[in-house]
Amino acid sequence: MREAVLLDTLKEYFGYERFRPLQKKIIESVFKGKDNLVIMPTGGGKSICYQLPAILLPELTLVISPLIALMKDQVDGLNANGVPAAYLNSSQDEADKQVIFQKIDSKAIKLLYVAPESLQFVDRFLHDGKVSLIAIDEAHCISSWGHDFRPAYTQLGYLKNRFPSTPVLALTATADKATRNDICRQLNIPEAKKHVASFDRKNLSLEVKPGIKRFEQISEFLEQRKKESGIIYCLSRKTTEELAAKLKTKGFKAEAYHAGLDHLERSKIQDDFINDEKQIICATIAFGMGIDKSNIRWVIHYNMPKNLEGYYQEIGRAGRDGLESDTLLFHSYADVIQLQKFASNAKNEEVQLAKLDRMKQYSEALSCRRKILLSYFGEYLQKDCGNCDICRNPPEFFDGTIIAQKALSCIFRLKATEPISAVIDVLRGSQNELIRRNNYEKLRTYGIGKDISWQHWQQYIIQLINLGYVEIAFDRKNNLQLTEQAKKVLFENEKVYLADVKEQKAQIHAEKTSTSSNSLFERLRQLRLKIAREEDIPAYLIFNDAALKDMEKQRPMSDSEFLLINGVGRKKMEDYGYRFIKEIIAFNKEKRENKPKKKVKKGNTLKETLALYKTGLSTEEIARERGVSLNTIITHLLKLYDEGEEIDLHQFIPGSDLNSIKKAKQELENPTGLRTYYEHFEEAIPYESIKIGLKILEKE
Ligand code: ADP
Ligand code: ZN
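Note that the structure is a prediction, hence the values are computed from the model and not measured.

**A look at the overall build of the chain**
Moving on, step 1. When its secondary structure is counted, the chain shows 32 helices and 18 strands.
Moving on, step 2. With the C-alpha coordinates aligned to their principal axes, the bounding extent of the chain is approximately 120 × 65 × 45 Å.
Moving on, step 3. Looking at the chain as a whole, 54% of its 700 residues are labelled buried.
Moving on, step 4. Of all intrachain contacts in the chain linking residues separated by at least 6 positions in sequence, the fraction that spans at least 24 positions is 72%.
Moving on, step 5. About 33,000 Å² of surface is accessible on the chain, with carbon and sulfur atoms providing 49% of the total.
Moving on, step 6. Placing the 107 positive and 98 negative side-chain charges of the chain at their respective mean positions leaves the two points 4 Å apart.

Below you can see the structure in the form of structure tokens.
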């Protein structure tokens with residue numbers, strides 16, 4: 001397939017000017033009839049890798065997809081782009097299915113999305129050679145190594161035998177090698193070419209904060225994001241509900257979402273979120289996989305996720321449109337312990353614990369977090385990222401030997417019988433039930449750390465754990481115990497360098513400005529919402545935020561200009577271009593009228609007139625639309641004509657008038673003022689026409 005054809009198709013149907021890294025290579029490989037495995041992060045742009053070939057390939061493309069909600073979204077999105085597609089799943093009745101079978105038969109659709117459970121229904125309508133491509137989305141669901149195992153996926157291996165000449169394209173955002181190989185093995189595509197995209201999502205900021213006063217921290221975070229959509233992930237249903245309720249009392253449009261709600265409630269919440277009617281979702285992990293919303297601007301982890309895959313996938317739901325988005329993870333010791341418990345009850349306990357450990361290391365990192373994250377996915381970042389909390393505010397190290405010695409000897413005296421909280425209580429000389437009951441006041445280490453706050457002690461001890469001086473005995477009530485290494489600090493005076501504990505302030509986000517309510521972007525957003533309601537489709541299916549931002553910047557005023565916006569393809573231009581252009585023109589007009597006259601920039605006002613002229617309006621209509629005099633519009637057009645714009649002035653003046661002016665010009669011997677002509681014609685030809693006529697004659 002020629003590159004130009006691919007690029008034309010990309011623009012025509014998806015509105016994009018360029019392929020993202022790897023997309024082109026993958027698509028070319030598909031056209032060569034090869035099997036492929038694509039590993040790309042969430043939001044990386046996997047869909048186009050099969051949707052674009054599907055448009056150009058002669059027969060049907062079958063897309064296996066695990067989630068009904070996602071399927072519907074994708075099909076709606078394709079249809080909105082002018083690509084005929086349909087889906088088949090258990091939510092449909094027999095009549096619905098018949099319609100689809102007919103569409104397959106008559107080749108009325110290019111793509112068919114099928115849930116693996118529903119493959120059996122469609123099987124008899126398909127034959128080898130009648131399917132051009134098989135795409136398997138979320139392919140990691142086939143592997144029990146992955147973190148989203150779905151039994152229905154395991155039968156998909158039969159596809160390759162059933163359609164031996166059809167290329168298979170498996171796609172996933174899960175990177176680890178064991179899962180990758182497992183996918184190829186189970187799908188019977190051992191020769192598949194593997195394409196691994198970079199997992200770096202530069203537009204996501206990374207931040208980790210201690211999990212104290214979480215609600216206050218969240219409130220502060222949200223203060224700066226009053227209109228922006230986001231998700232708060234929690235570990236338990238109860239937390240989602242409490243948090244959503246608290247946020248509501250503060251006036252936020254928040255909703256809880258978890259597996260305990262019934263299907264209808266869940267899909268209502270999901271729709272409201274997708275359509276920007278609800279701003280915040282407090283969710284357990286049950287939320288998000290089926291969500292393709294591209295303008296999620298932030299993700300908070302109220303609790304720590306159980307591994308980095310899950311974490312990365314969840315934060316990856318932010319900023320799919322490529323615009324700057326923020327992520328915040330609360331790190332708490334209690335969460336780690338809770339997760340540890342879950343993991344030790346799991347079947348593959350060791351794997352789970354090891355994964356949790358990597359998660360913990362990430363949260364407690366003292367160097368660039370993105371480097372750590374990417375290294376987990378097998379990618380090495382040369383430079384620090386500059387967009388994580390550590391890069392923005394690097395820790396300073398100091399000689400913390402004395403602090404370390406105090407903590408270690410306290411743990412030593414407690415003979416590994418207490419967890420971190422009790423150790424800190426003893427260090428700080430607290431008076432509580434635990435201390436009294438155990439006579440801890442008598443210990444020599446009691447109160448030797450009064451000068452350091454509870455929270456800071458916690459941070460220092462976590463660092464000591466990470467440095468390998470202390471261990472947590474998870475099998476014995478999480479008591480702290482010393483390692484061999486600790487002896488060096490206690491008895492051989494080994495120096496310990498600790499990172500300064502920073503006061504927790506909202507640092508990254510201090511400069512954040514919320515989108516002003518009277519910006520053009522906001523206006524376009526409102527228009528998008530209005531259209532979404534009229535058509536009953538998710539707002540982002542019309543245009544994503546990135547496209548609206550581009551419109552705000554470029555201010556397109558004609559169809560051809562509108563088509564240049566990134567994310568605008570032909571169908572969308574035809575469907576929505578007019579309304580958006582009208583909104584942009586109206587906005588510009590209002591802005592101009594609200595400003596002192598002098599401030600109106602010539603260039604823009606001419607451009608607006610030109611744009612309206614190009615839509616085919618008459619001079620009178622342009623004057624009315626713009627709220628200025630007819631004379632002004634004529635002046636504009638003449639000026640544009642002078643500047644070399646293609647403006648046919650003849651259409652604004654009857655041929656007979658032009659002839660009269662021509663004659664008068666000779667008879668009157670080129671008078672300078674218009675008035676002479678006007679009077680010569682005894683006011684029968686208007687000023688405007690005379691002006692136009694003279695301009696035409698000037699060029700002749
Ligand atoms: P994934 O399935 O990998 O999570 P998607 O296919 O949903 O990602 O793509 C994420 C976003 O990126 C979508 O909004 C999509 O329209 C956009 N996108 C994909 N390819 C391009 C491209 N070549 N140029 C601009 N945006 C793109
Ligand atoms: Zn960094």
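**Things to note about the pattern of salt bridges**
Moving on, step 1. Inspection of the entire model under this criterion finds 38 salt bridges.
Moving on, step 2. Here D200 makes a salt bridge to R370, at a shortest N to O gap of 3.8 Å. Here D200 is found in the loop between strand 7 (193–196) and strand 8 (204–205), whereas its partner R370 is found in helix 15 (residues 369–376), with 170 residues between them in sequence. Of the two residues, D200 and R370, neither departs from the other in class, the shared state being buried.

**Re the domain arrangement of the chain**
Moving on, step 1. When cut into domains, the chain gives domain 1 (3–196), domain 2 (204–389) and domain 3 (397–503).
Moving on, step 2. Inter-centroid distance (C-alpha atoms) of domain 1 to domain 3 is 54 Å.

**Notes on the site of ligand 1**
Moving on, step 1. What surrounds ligand 1 is a group of 16 residues, the closest being Y16, R18, G43, K46 and S47.
Moving on, step 2. Here an oxygen atom of ligand 1 and a side-chain polar atom of Y16 are 2.6 Å apart.
Moving on, step 3. Taking R320, its side chain carries an N or O atom lying 3.2 Å from an oxygen atom of ligand 1.
Moving on, step 4. When isolated, ligand 1 has an accessible area of 560 Å², and the protein chains bury 85% of it.
Moving on, step 5. Partitioned by chemical class, the residues of the shell around ligand 1 number four nonpolar, seven polar and five charged.

**Describing the nonpolar core**
Moving on, step 1. If you look at the biggest cluster of nonpolar residues, it comprises 72 residues, and the most contacted ones within it are L62, I104, L112, I136, Y311 and Y362.
Moving on, step 2. Sorting elements by how many residues they give to this core places helix 12 (residues 308–315) first, with four residues.
Moving on, step 3. The contacts of Y311, once residues within four sequence positions are left out, are L206, H301, P305, T327, L329, M359, Y362 and L373.
Moving on, step 4. Among the nonpolar cores identified, the runner-up in size contains 54 residues, and I531, A532, I537 and I565 belong to it.

**What to know about the coordination of the zinc ion (ligand 2)**
Moving on, step 1. Protein-derived coordination of the zinc ion (ligand 2) comes from C368 (SG), C385 (SG), C388 (SG) and C391 (SG), at a distance range of 2.3 to 2.4 Å.
Moving on, step 2. The coordination sphere of the zinc ion (ligand 2) comprises four donor atoms, whose angles at the metal cover 103 to 121 degrees; the geometry is tetrahedral.
Moving on, step 3. Of note, the zinc ion (ligand 2) draws all its donor residues from one chain, in the sequence arrangement C-x16-C-x2-C-x2-C. Of this pair, C368 sits in the loop between helix 14 (349–363) and helix 15 while C388 is found in the loop between helix 15 and helix 16 (389–392), placing the two residues 20 residues apart along the sequence. Considered together, C368 and C388 belong to a single accessibility category, that of buried residues.

**Regarding helix 9 (residues 214–223)**
Moving on, step 1. Burial of helix 9 is extensive: seven of the 10 residues sit out of reach of the surface.
Moving on, step 2. Within the span of helix 9, buried status applies to R214, F215, Q217, I218, S219, F221 and L222.

**Details of the packing of helix 17 (residues 401–413) against helix 21 (residues 484–491)**
Moving on, step 1. At a closest axis distance of 9 Å, the pairing of helix 17 and helix 21 adopts a crossing angle of 120 degrees. In terms of axis orientation, helix 17 runs oblique to helix 21. Along this stretch, helix 17 crosses helix 21, giving a crossing that reads as left-handed. Where helix 17 abuts helix 21, its residues A404, Q405, L408 and S409 lie against A486, V489 and L490.

**A word on a positive patch on the surface**
Moving on, step 1. On the surface, K25, K32, K34 and K193 cluster together to form a positively charged patch.
Moving on, step 2. Along the chain, the position of K32 falls in the loop between helix 2 (23–31) and strand 1 (36–39).
Moving on, step 3. For K32, a relative accessible area of 64% puts it in the exposed group.

**Re the packing of helix 1 (residues 3–14) against helix 3 (residues 47–56)**
Moving on, step 1. At a closest axis distance of 10 Å, the pairing of helix 1 and helix 3 adopts a crossing angle of 100 degrees. Between helix 1 and helix 3, the crossing angle belongs to the class labelled roughly perpendicular. In contact with V5, L6, T9, L10, Y13 and F14 of helix 1, helix 3 contributes I48, Q51, L52, I55 and L56.
Moving on, step 2. Residue composition of the contact of helix 1 with helix 3, grouped by class: nine nonpolar, two polar and no charged.

Rules behind the numbers
Every chain begins its residue count from 1, and numbering advances along the sequence as written. Working convention: letters from A go to chains and numbers from 1 go to ligands, in the order in which they are written. The model is predicted, so local features are restricted to residues of pLDDT at least 70 and side-chain atom pairs to those at 80 or more, both for listing and for counting; the totals for chains, interfaces and linings are taken over all residues. To obtain the side-chain values, all non-hydrogen atoms of the structure were included, while hydrogens and water were left out. Each helix is a run of H or I in the DSSP string that is no shorter than four residues. Each strand is a run of E no shorter than two, and both are numbered from the N terminus. Buried means the residue's accessible area, taken with a 1.4 Å probe over protein chains only, is under 20% of the maximum for its type, while exposed means over 50%, and partly exposed covers the values in between. Contact definition: two residues touch when any of their heavy atoms are within 4.5 Å. For the accessible areas, the method is Shrake-Rupley and the probe is 1.4 Å, while residue cover comes only from the protein chains on display. For the charge count, each Lys or Arg is scored as positive and each Asp or Glu as negative, with His and the chain ends excluded. The location of each charge is read from NZ of Lys, CZ of Arg, CG of Asp or CD of Glu. The working definition used for a salt bridge is a side-chain nitrogen of Lys or Arg within 4 Å of a carboxyl oxygen of Asp or Glu. Throughout, the edges of the domains are those of an automatic or database domain assignment. Only heavy atoms are used to decide nearness, and a residue is near a molecule or strand if one of them lies within 4 Å of it. Think of a polar contact as two N or O atoms within 3.5 Å of one another; within protein, one of them needs to be a possible hydrogen donor and the other a possible acceptor, and neighboring residues in sequence only count if both atoms come from side chains. Three categories are distinguished: nonpolar for Ala, Val, Leu, Ile, Met, Phe, Trp, Tyr, Cys and Pro, charged for Asp, Glu, Lys and Arg, and polar for the others, with Gly belonging to the last. Nine residue types can take part in a nonpolar core, namely buried Ala, Val, Leu, Ile, Met, Phe, Trp, Tyr and Cys, and a core is a set of them joined through side-chain atoms within 4.5 Å. For Na, K and Ca the donor cut-off is 3.2 Å, and for all other metals it is 2.8 Å, counting N, O and S atoms only; because water is absent from this set, sites may look incomplete. Any site counts as irregular unless it has four donors with all angles between 85 and 135 degrees, making it tetrahedral, or four or six donors with opposite ones more than 155 degrees apart and the rest between 65 and 115, making it square planar or octahedral. Between the N-to-C directions of two axes lies an angle of 0 to 180 degrees, each axis being a line fitted to C-alpha atoms and, for a helix, fitted only over the stretch in contact. Oblique is the label for every angle not falling under 35 degrees (roughly parallel), over 145 degrees (roughly antiparallel), or within 65 to 115 degrees (roughly perpendicular). In this scheme the crossing of two helices becomes right-handed for a clockwise turn of the near helix relative to the far one and left-handed for an anticlockwise turn of less than a right angle. Each patch is assembled from residues with relative accessible area greater than 30% and no salt bridge, linking like charges that lie within 9 Å and nonpolar side chains (Val, Leu, Ile, Met, Phe, Trp, Tyr) that lie within 5 Å.

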